[in-house]
Amino acid sequence: MTKKLTWVLAHEPYELFLKAAKVFADDINQGTNGRYKIEVIGLSEWNQRSSEQLTTHATDREKVVGLVDSGMIDMATVYVNTLGKIDKRLWALSMPFIFNDHDHASRVIDGSVGKELFNGLASKSNIHGLAFTYSGGFRMIPSIKAIESLEDFYELSIRTGQNPVAQDTFLSVNARPVGMLIDDFKNAMNKAEVQAGETTYPRFFSMGHHEQAKFINHTEHSLFLTSIVMNSKVWNEMTVEDQEIFAESAIKAAKIEREESLADVGRVQAEASKMQIQTVRMSDKERTRFQNATKSIYSKYDSLFGNDLINRIIKG
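Overview of the structure.

Parameters at a glance
- Residues numbered from 1 in each chain as written.
- Predicted model: local features only at pLDDT ≥ 70, side-chain atom pairs only at ≥ 80, totals over all residues.
- Heavy atoms only, no water.
- Phe/Tyr/Trp six-rings, centres within 6.5 Å; stacked < 30°, edge-to-face > 60°.
- Helix = DSSP H or I, 4+ residues; strand = E, 2+ residues; numbered from the N terminus.
- Buried < 20%, exposed > 50% of the residue type's maximum accessible area, 1.4 Å probe, protein only.
- Lys NZ or Arg CZ within 6 Å of the ring centre and 35° of its normal.
- Core = buried A, V, L, I, M, F, W, Y, C linked by side-chain atoms within 4.5 Å.
- Contact = heavy atoms within 4.5 Å.
- Arc of directions from axis to C-beta.
- Salt bridge = Lys/Arg side-chain N within 4 Å of Asp/Glu carboxyl O.
- 1 Å grid on protein atoms, 1.4 Å probe; cavity = no way out; pocket = protein on both sides within 12 Å on 5 of 7 lines; lining within 4 Å.
- Points joined across faces, edges and corners; volume = space filled by probe spheres on them.
- Nonpolar A, V, L, I, M, F, W, Y, C, P; charged D, E, K, R; others polar.

### What to know about the packing of aromatic side chains
For the structure on display, the rule yields 10 aromatic pairs. Consider the rings of F24 and F246, whose centres lie 5.9 Å apart with planes at 80°: the pair is edge-to-face. In this pair, F24 is assigned in helix 1 (residues 14-31) and F246 in helix 11 (residues 240-274), connecting sequence segments 222 residues apart. Residue F24 is classed as buried on the basis of its relative accessible area, which comes to 0%. Between the aromatic rings of F97 and F290, the centroid separation amounts to 5.0 Å while the plane-to-plane angle is 85°, which identifies the pairing as edge-to-face. Within this pair, whereas F97 is found in the loop between helix 4 (80-83) and helix 5 (102-109), its partner F290 is found in helix 12 (residues 284-294), the two being separated by 193 residues in sequence. Of the two residues examined, F97 and F290, each falls in the buried class. The side chain of R258 reaches across the aromatic face of Y134, ending 5.9 Å from its centre.

See the structure below:
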């Protein structure tokens, strides 16, 4: 007998994850000899099947997490920062300059630390984490002014997520962080409520962040992550063999998605250049100053996260 599971892709850009999700679905069908079939759908199709009227807006993305928790949705892709509202230790992955590069990040999120964080999530909810995905990768900063030195952050009004780590990151460099949903950044820029904001390359055009931006500041100061998650009851009902197949297939899909995310960097920079939007990189000296300034928040979060988590992530 085949058990069908529905995977709802609940974030933008939808197309970024579609290829990886389909690879996952094929691998599960083959690996379990048809015992499981994954149906990948978007929010619009989910809405047609249910009484919900969900959108990709962040408030609805939180509802998707709740639907996975309740078992109404079998699987979903969700923002890790949203999962951090269930277990704040997941916010450690957003610490500034905690990852040296993508290889370092992969060792952490695919290794023992990643499993530990997923275990913490499962202990506080009915959500089982399968794999971490990028859906953007390292963050960058669209702005109306170039950020070339540490002093350029001074009094800069900058949109951040509502994750306190992000807000403390920019307080540490004397900027004025404005916590808001990524969905509201476009309008805030258009209304001159902020001069800059954190986002990722795949969202730069798709969410209209290019409309007022004069510069892309290629800071890569922290990592933006999403996650493939599923309802814990569904997971616990599987055999150990099938759990291993799901876990391995999820990591494979996640790696495909990460490659797709990274491929967007050059494409977006090239398109932005055609629109006279310049990509700016800090000099090594100024980037080091930026990194050193953000170290001031590490002691605060080291005690908040506990279990030497930050240091273990740094060591990779």
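Let's pick the thread back up.
### Examining the nonpolar core
Of all hydrophobic cores here, the largest spans 43 residues; its most connected members are I73, L93, M95, F99, F305 and I313. With residues near it in sequence (within four places) discarded, I313 still touches A92, L93, I98, F99, H104, V108 and V113. By size, the runner-up hydrophobic cluster in this structure holds 26 residues, among which are A25, Y36, M238 and A250.

### Considerations on unusual backbone geometry
Residues other than glycine seldom take positive phi values, yet E155 does so here, at roughly 60°. Classification of E155 as partly exposed rests on a relative accessible area of 38%. Although it is not a glycine, Q276 sits at a positive phi angle of roughly 65°. Take Q276: it is sitting in the loop between helix 11 and strand 11 (278-280).

### A few points about helix 13 (residues 298-305)
An α-helical turn contains 3.6 residues, so any two residues separated by three or four positions project in the same direction. Residues of helix 13 that are buried: Y298, Y301 and F305. Each buried residue of helix 13 lies within a common arc of 75° when the element is viewed along its axis, so the set occupies one face. Away from its buried face by more than 90 degrees, helix 13 exposes S299 and S303. Summarising the contacts, the buried residues of helix 13 are in contact with helix 7 (164-171), helix 12 and helix 14 (309-315). Where helix 13 ends, the next residue or the one after it, G306, has phi of about 70°, a positive value.

### Observations concerning the pattern of salt bridges
All told, the structure shown has 19 salt bridges when counted by the stated rule. In this structure, E260 engages K19 in a salt bridge whose closest nitrogen and oxygen atoms are separated by 3.4 Å. Residue E260 is found in helix 11, and its partner K19 is found in helix 1; the two are separated by 241 residues along the sequence. On the basis of relative accessibility, which here comes to 29%, the residue E260 falls in the partly exposed class. Residue K274 pairs with E271 through a salt bridge whose shortest N-O separation is 3.4 Å.

### Re empty space enclosed by the protein
The final tally for this structure, using the stated rule, is two cavities of 30 Å³ or more. The volume enclosed by the largest cavity comes to roughly 50 Å³. For the lining of the largest cavity, the secondary-structure elements that each account for two or more residues are helix 4 and strand 10 (223-231). Per-element accounting of the lining of the largest cavity gives the leading share, three residues, to strand 10. Along the lines of polarity and charge, the residues of the lining of the largest cavity split into five nonpolar, two polar and one charged. What the second largest cavity holds in volume is close to 30 Å³.

### Some thoughts on the environment of Q167
Note on placement: Q167 falls in helix 7. Residue classification places Q167 among the partly exposed residues on the basis of a relative accessible area of 26%. Each C-alpha atom of the pair Q167 and Q291 lies 15 Å from the other, and the pair is 124 residues apart in sequence. Once you skip the residues sitting within four places of it in the chain, Q167 turns out to touch T160, G161, Q162, P177 and G179.

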